[in-house]
Amino acid sequence: MTCREKLKIEYPEHVNDTYEGGCFGCPNDYGYHTHACDSRRLSCEHCWDRVIPGTEKLKGETEMKKTKQDLLDEIKNLKEQIERIENKSKYDKGAMEIKALFDSYVDVGFSEERAFELVLTSMNSAMK
């Protein structure tokens, strides 16, 4: 993994063509390299495109394509899905309670039509 790739994952807002070398600061500032900066001899772009020691790709390894922002967006979407499911389960619980009330009317001898009317009456009076 290059310094530029790691910076894009960790600080996507620091990767921009307006910065010298396309990235904000120096790889040393982020601890990606520990060598002395020699901007007279090397361009910033050269340093940002260096491979970070210990991160060389192994044979068959795929590169990480998701940035920090991509992951945060996925987490947000998952939280929204969980909230929708939890809200739906609240409705399911309410429907089960109404069904239990209906069944109790039928169990004591009311016809299904009359049990339905009684459930509706109960619900309407509860909403007032």
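Keep in mind it's a predicted model, so treat the numbers as computed, not measured.

Asks: Any chance you could explain the overall build of the chain here in plain terms?
Replies: Scanning the chain for helices and strands turns up four helices and zero strands. Seen in sequence order, the chain has helices and strands lined up from the N terminus as α-α-α-α. Put simply, of all contacts in the chain between residues at least 6 apart along the chain, 39% involve residues at least 24 apart. Only carbon and sulfur atoms are counted for the fraction: they give 55% of the accessible area of the chain, which is about 10200 Å².

Asks: Just to check I follow, could you spell out a nonpolar patch on the surface for this structure?
Replies: A cluster of nonpolar side chains, contributed by Ile98, Phe116, Leu120, Met123 and Met127, occupies part of the molecular surface with about 480 Å² of accessible area. Looking at the nonpolar patch, the element that brings in the most residues is helix α4 (residues 112-126), giving three residues. Within the element layout of this structure, Met127 appears in the segment after α4. Residue class for Met127 comes out exposed when judged on its relative accessible area of 68%.

Asks: Whenever I open this one, the pattern of salt bridges confuses me. Can you help?
Replies: Applying the stated criterion to the full structure yields four salt bridges. The residue Arg4 makes a salt bridge to Asp49 at a minimum N-O spacing of 2.8 Å. Highlighted residues: Arg4 in helix α1 (residues 3-10) and Asp49 in the loop between α2 (44-48) and α3 (68-107), separated in sequence by 45 residues.

Asks: Explanation requested: the packing of aromatic side chains in the structure shown.
Replies: Aromatic ring pairs are described here by two measures, namely the spacing of the ring centres and the angle between the planes. Applying the stated criterion across every chain, the model contains six aromatic pairs. Centre to centre, the rings of Tyr11 and Tyr30 are 5.6 Å apart; their planes meet at 45°, and the pair counts as tilted. One end of the pair, Tyr11, is in the loop between α1 and α2; the other, Tyr30, is in the loop between α1 and α2, with 19 residues separating them in the sequence. Here the aromatic residues Tyr11, Tyr30, Tyr32 and Trp48 are joined through ring pairs into a cluster of three or more.

Asks: What exactly am I supposed to notice about α1 here?
Replies: Note on helix geometry: an α-helix contains 3.6 residues per turn, so any two residues three or four positions apart are oriented the same way. Within α1 the residues assigned to the buried category are Cys3, Leu7 and Ile9. One face of α1 carries all of its buried residues, which in axial projection span an arc of 160°.

Asks: Quick question: what am I supposed to make of the packing of α3 against α4 here?
Replies: The geometry of a pair of packed helices is captured by two quantities: the angle between their axes and the separation between those axes. For the pair α3 and α4, interaxial distance at closest approach is 9 Å and the crossing angle is 135°. As summarised for this structure, α3 and α4 are arranged oblique, according to the angle between their axes. Crossing geometry of α3 relative to α4 is assigned as right-handed. In contact with Ile98, Leu101, Phe102, Tyr105 and Val106 of α3, α4 contributes Glu112, Ala115, Phe116, Leu118, Val119, Ser122 and Met123. Each residue belonging to the contact of α3 with α4 can be placed in one class, and the counts come to 10 nonpolar, one polar and one charged.

What counts, and at which threshold
- Residues numbered from 1 in each chain as written.
- Predicted model: local features only at pLDDT ≥ 70, side-chain atom pairs only at ≥ 80, totals over all residues.
- Heavy atoms only, no water.
- Helix = DSSP H or I, 4+ residues; strand = E, 2+ residues; numbered from the N terminus.
- Contact = heavy atoms within 4.5 Å.
- Areas by Shrake-Rupley, 256 points an atom, 1.4 Å probe, with all protein chains shown as cover.
- Patch = residues over 30% accessible without salt bridge, like charges linked within 9 Å, V, L, I, M, F, W, Y side chains within 5 Å.
- Salt bridge = Lys/Arg side-chain N within 4 Å of Asp/Glu carboxyl O.
- Buried < 20%, exposed > 50% of the residue type's maximum accessible area, 1.4 Å probe, protein only.
- Phe/Tyr/Trp six-rings, centres within 6.5 Å; stacked < 30°, edge-to-face > 60°.
- Arc of directions from axis to C-beta.
- Axes fitted to C-alpha atoms, helices over the stretch in contact; angles between N-to-C directions.
- Parallel < 35°, antiparallel > 145°, perpendicular 65-115°, else oblique.
- Left-handed = near helix turned anticlockwise from the far one by under 90°.
- Nonpolar A, V, L, I, M, F, W, Y, C, P; charged D, E, K, R; others polar.

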